[in-house]
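Next come the chains, spelled out residue by residue.
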Amino acid sequence: KSFSWDKVPDARLAGSVWQSFAAADWVDFDDIEERFQQAVRNKNADSKPADKPKQVNLLDLKRCTAVGIRMARLKVPWQAVGGAILALDGAAFEGGEDIATVLQCLPTEEEKGVLQAYRQA
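All chains use their own residue numbering, which begins from 1 and follows the written sequence. pLDDT decides what is reported in this predicted model: residues at 70 or higher carry local features, side-chain atom pairs at 80 or more are listed and counted, and totals for whole chains, interfaces and linings draw on all residues regardless. For the side-chain quantities, the full set of heavy atoms in the structure was used; hydrogens and water were omitted.

1. Comments concerning the state of the cysteines
Note on disulfides: each one is a pair of cysteine sulfur atoms within 2.5 Å. All chains considered together, the criterion is met by zero disulfides. Of all cysteine sulfurs in the structure, the one in C105 sits closest to C64, which takes part in no disulfide; the separation is 11 Å.

Here it is, written out as structure tokens:
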């Protein structure tokens, strides 16, 4: 839980119960304020670094999810799928279902056009 209070101005202390108490010499009020004050955030330090590359989504979210699910079902890691296809390594795939899965993940003509337009920009 947060704990907050407002400092009572000296002018409002006149005639109150708090005026009758003597100031405690053993209490370091500056130390208390320093320890319990809310930290001031530096907006420049909290901002994202400028050198971080911006993430660009070229595919529809639904399509991305479908491709991710299909590729996760393959026994071969997705990084090795392209190499296995280029090497005509049939042992990398368990059967026709794996090949059909890879074929379903191939980009459509529209997706190819979007990627080429992005690369040329």
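2. Describing a nonpolar patch on the surface
Note on patches: the residues involved have over 30% relative accessible area and no salt bridge, like charges join within 9 Å, and the nonpolar side chains Val, Leu, Ile, Met, Phe, Trp and Tyr join within 5 Å. Computed by Shrake-Rupley with a 1.4 Å probe, the accessible areas treat only the displayed protein chains as cover when residues are assessed. By definition here, a salt bridge exists when the distance from a side-chain nitrogen of Lys or Arg to a carboxyl oxygen of Asp or Glu is within 4 Å. A contiguous nonpolar surface patch, about 620 Å² in accessible area, is contributed by F3, W5, F29, I32 and F36. Mapped onto the secondary structure, I32 falls in helix α2 (residues 29-36). For I32, a relative accessible area of 34% puts it in the partly exposed group. Helix numbering and strand numbering both begin at the N terminus, where a helix is a DSSP run of H or I of at least 4 residues and a strand a DSSP run of E of at least 2. For every residue, the accessible area (1.4 Å probe, protein chains only) is compared with the maximum for its type, and the residue is labelled buried under 20%, exposed over 50%, or partly exposed between those bounds.

3. Observations concerning the pattern of salt bridges
Charged atoms that come close allow side chains of opposite charge to pair. Per the stated rule, a full pass over the model turns up three salt bridges. Residue D31 is joined to R35 by a salt bridge in which the shortest nitrogen-to-oxygen separation is 3.0 Å. A residue pair is termed a helical-turn pair when its members lie 3 or 4 positions apart in one helix, as D31 and R35 do in helix α2 at four residues. Taking the relative accessible area as the measure of exposure, D31 reaches 26% and is therefore partly exposed. Put simply, E111 and R63 hold a salt bridge, and the shortest N to O gap is 2.8 Å. Taken as a pair, E111 in helix α7 (residues 109-120) and R63 in helix α4 (residues 61-73) lie far apart in primary sequence, 48 residues in all. When sorted by exposure, E111 lands in the same class as R63, which is buried.

4. Observations regarding the nonpolar core
For our purposes a nonpolar core is just a set of buried Ala, Val, Leu, Ile, Met, Phe, Trp, Tyr and Cys residues, chained together by side-chain atoms within 4.5 Å. Within the largest apolar cluster, ten residues are counted, these being V67, M71, L74, V76, V81, A84, A92, F93, V102 and C105. Breaking this core down by element, the ones donating at least two residues are α4, α5 (78-86) and α6 (96-105). Any two residues whose heavy atoms approach within 4.5 Å at even a single point are treated as in contact. Residue contacts for V81: discarding those within four places in its chain leaves M71, L74, V76, F93 and V102.

5. Focus: the confidence of the model for the protein chain
Low pLDDT means the predicted atomic positions in that stretch should not be read closely. When pLDDT is averaged along the protein chain, the result is 81, and 91% of the positions lie at 70 or above. The predictor attaches a confidence to each residue, called pLDDT, with possible values from 0 through 100. Per-element mean pLDDT across the protein chain ranges from 62 in helix α3 (residues 43-46) up to 91 in α7.

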